Protein chains: 2
Amino acid sequence: MEKLPAEGTQARRFGKTRFAQSTAVLEDYAELIADLLASAGEARPTDIARRLGVSHATAIKTIARLKRAGLATARPYRGVFLTEKGHALADRVRVRHRLVVDVLRALGVPSEAAEADAEGIEHHVSEITLKAFAQFLKLRG
Amino acid sequence: MEKLPAEGTQARRFGKTRFAQSTAVLEDYAELIADLLASAGEARPTDIARRLGVSHATAIKTIARLKRAGLATARPYRGVFLTEKGHALADRVRVRHRLVVDVLRALGVPSEAAEADAEGIEHHVSEITLKAFAQFLKLRG
DNA sequence: TATAAATTGTAGTATGGGCTACACTTTGAC
DNA sequence: GTCAAAGTGTAGCCCATACTACAATTTATA
């Protein structure tokens, strides 16, 4: 979610909100797919749908978007894989998620709520804020 | 944010994501309208659109949604007003926004980034987390 | 008071997330 | 090897956000 499309391009039809929102979904998918690939060796639409609580049709459509965005590859009936770019995104997302949860917990938020809220919060944390979070945790030991 | 629609009703066609997203937009509008009413005495679609960086057509459509949700009233060419419910929402949102910004700043996030990020983060902060934030700030003086 | 400028409203279109229903592969059990 | 179950894909629909383009009203100015 670091950079918005350039002014002149298709930005016009991409309000900040919509952009942030649709980016958040892609981030969630990338992270989950990386997780499934690591733990199960494969990422299938049905598993993804189940984990995200959406219908498999919705998952498949979003996977198509991941492909269009150059984040994933997939061939019919053969599961989903991440491109290098997709893996990089998943890694960034995972690190950020951990950081947000840790900060919330450090602030006294119960683990369960911290995990739940981080899910929504993480997509809106800028690089600057992320750095501050890391620094805060480091100082705090 | 606080509560999702009941299972049996129209919930079915209101994914978690969509619900959170559309609620966030209504919250932003309510807050902004309250702000405009307080500072300028009136809240006009064009002002709202300008402040939110969307077209006036988009603002007008969302204002219609606010009306449907019982949060605002508006008559053609006569500006927008908040209902009691709308004011209550705006108040809650304002308090929450302040709290989130203050916590970010306390964590060492520069003011500008804190304000910007809070805009996105605040809609995902649960009551539990909010309480923890307040407590944290109190202890910290 | 006319008339131009600004504001407001409406229509039509695109994208995105979500769903159900139905069709088509693969897989697995006999 | 057949056939049913599971998984996968497609089509069609809804609603929300957003936009541009055009129409209508209000306001401000000549």
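Here, every reference points to the structure presented above.
A. How the structure looks around the overall build of chain A. Broken down by element type, chain A carries 6 helices and 2 strands. Looking at chain A as a whole, 40% of its 141 residues are labelled buried. Carbon and sulfur atoms make up 55% of the accessible area of chain A, which amounts to about 8,300 Å² in all.

B. Region of interest: the pattern of salt bridges. Taken as a whole, this structure holds 14 salt bridges over all chains when the rule is applied. A salt bridge links B:D47 to B:R50, with the nearest nitrogen and oxygen atoms 2.9 Å apart. Of this pair, B:D47 and B:R50 both sit in helix α2 (residues 45-52), 3 residues apart, which is roughly one turn of the helix. Connected via shared salt-bridge partners are A:R98, A:D102 and A:E115.

C. Fine view of helix α4 (residues 84-106) of chain B. Between its terminal C-alpha atoms α4(B) stretches 33 Å, which fits the 33 Å expected from 23 residues at 1.5 Å a residue. Among the residues trailing α4(B), B:G108 stands out with phi positive, at a value near 100 degrees.

D. View of the relation of the copies chain B and chain A. When chain B is fitted to chain A, the residual RMSD is 0.2 Å, and the transformation amounts to a turn of 178 degrees plus an axial shift of 0.0 Å. On the angle and the small slide along the axis, the relation comes out as a two-fold axis. Among all residues of chain B, the one whose C-alpha sits closest to the rotation axis is B:I121, at a distance of 2.5 Å. Both copies share a contact surface, since 96% of the interface residues of chain B are interface residues in chain A too.

E. Quick look at the packing of helix α4 (residues 84-106) of chain A against helix α5 (residues 111-121) of chain A. Residue and element names in this part refer to chain A. Contact pair α4 / α5: the axes reach a minimum separation of 9 Å and the direction vectors enclose 135 degrees. Between α4 and α5, the crossing angle belongs to the class labelled oblique. For the pair α4 and α5, the sense of crossing is right-handed. Packed against α4, whose contacting residues are H97, R98, V100, V101, L104 and R105, the element α5 presents S111, A114, E115, D117, A118, E119 and I121 at the interface.

F. Quick peek at the protein's contact with DNA strand C. Taken together, 25 residues sit near DNA strand C, with A:R18, A:S55, A:R65, B:R44 and B:T46 positioned nearest. A breakdown of the atoms of DNA strand C within 4 Å of the protein gives sugar and phosphate a share of 65%. Here a base oxygen of DNA strand C and a side-chain polar atom of A:K61 are 2.8 Å apart. Within the side chain of A:Y77, a nitrogen or oxygen atom sits 3.2 Å from a sugar or linking oxygen of DNA strand C. Going through the elements one at a time, α1 (16-40) and α3 (56-68) of chain A together with α1 (16-40), α2 and α3 (56-68) of chain B are the ones with two or more residues in the surface near DNA strand C. Here the surface near DNA strand C gets 5 residues from one element, more than from any other, and that element is α3(A). Broken down by class, the residue content of the surface near DNA strand C amounts to 9 nonpolar, 6 polar and 10 charged.

G. How the structure looks around the nonpolar core. Ranked by internal contacts, the top residues of the largest apolar core, which has 34 residues, are A:L104, A:F133, B:L104 and B:F133. Taken together, the elements giving at least two residues each to this core come down to α4, α5 and α6 (127-140) of chain A together with α4, α5 (111-121) and α6 (127-140) of chain B. The contacts of A:F133, once residues within four sequence positions are left out, are A:L99, A:V100, A:V103, A:V125, B:L104, B:L107 and B:V109. Counting 22 residues, the second-largest nonpolar core is a separate cluster that includes B:Y29, B:A34, B:A72 and B:V93.

Parameters at a glance
- Residues numbered from 1 in each chain as written.
- Chains lettered and ligands numbered in written order.
- Predicted model: local features only at pLDDT ≥ 70, side-chain atom pairs only at ≥ 80, totals over all residues.
- Heavy atoms only, no water.
- Helix = DSSP H or I, 4+ residues; strand = E, 2+ residues; numbered from the N terminus.
- Buried < 20%, exposed > 50% of the residue type's maximum accessible area, 1.4 Å probe, protein only.
- Areas by Shrake-Rupley, 256 points an atom, 1.4 Å probe, with all protein chains shown as cover.
- Salt bridge = Lys/Arg side-chain N within 4 Å of Asp/Glu carboxyl O.
- Expected span 1.5 Å × (residues − 1).
- Least-squares fit on C-alpha atoms with pLDDT ≥ 70 in both.
- Contact = heavy atoms within 4.5 Å.
- Axes fitted to C-alpha atoms, helices over the stretch in contact; angles between N-to-C directions.
- Parallel < 35°, antiparallel > 145°, perpendicular 65-115°, else oblique.
- Left-handed = near helix turned anticlockwise from the far one by under 90°.
- Near = heavy atom within 4 Å.
- Polar contact = N/O pair within 3.5 Å; in protein donor to acceptor, adjacent residues only side chain to side chain.
- Nonpolar A, V, L, I, M, F, W, Y, C, P; charged D, E, K, R; others polar.
- Core = buried A, V, L, I, M, F, W, Y, C linked by side-chain atoms within 4.5 Å.

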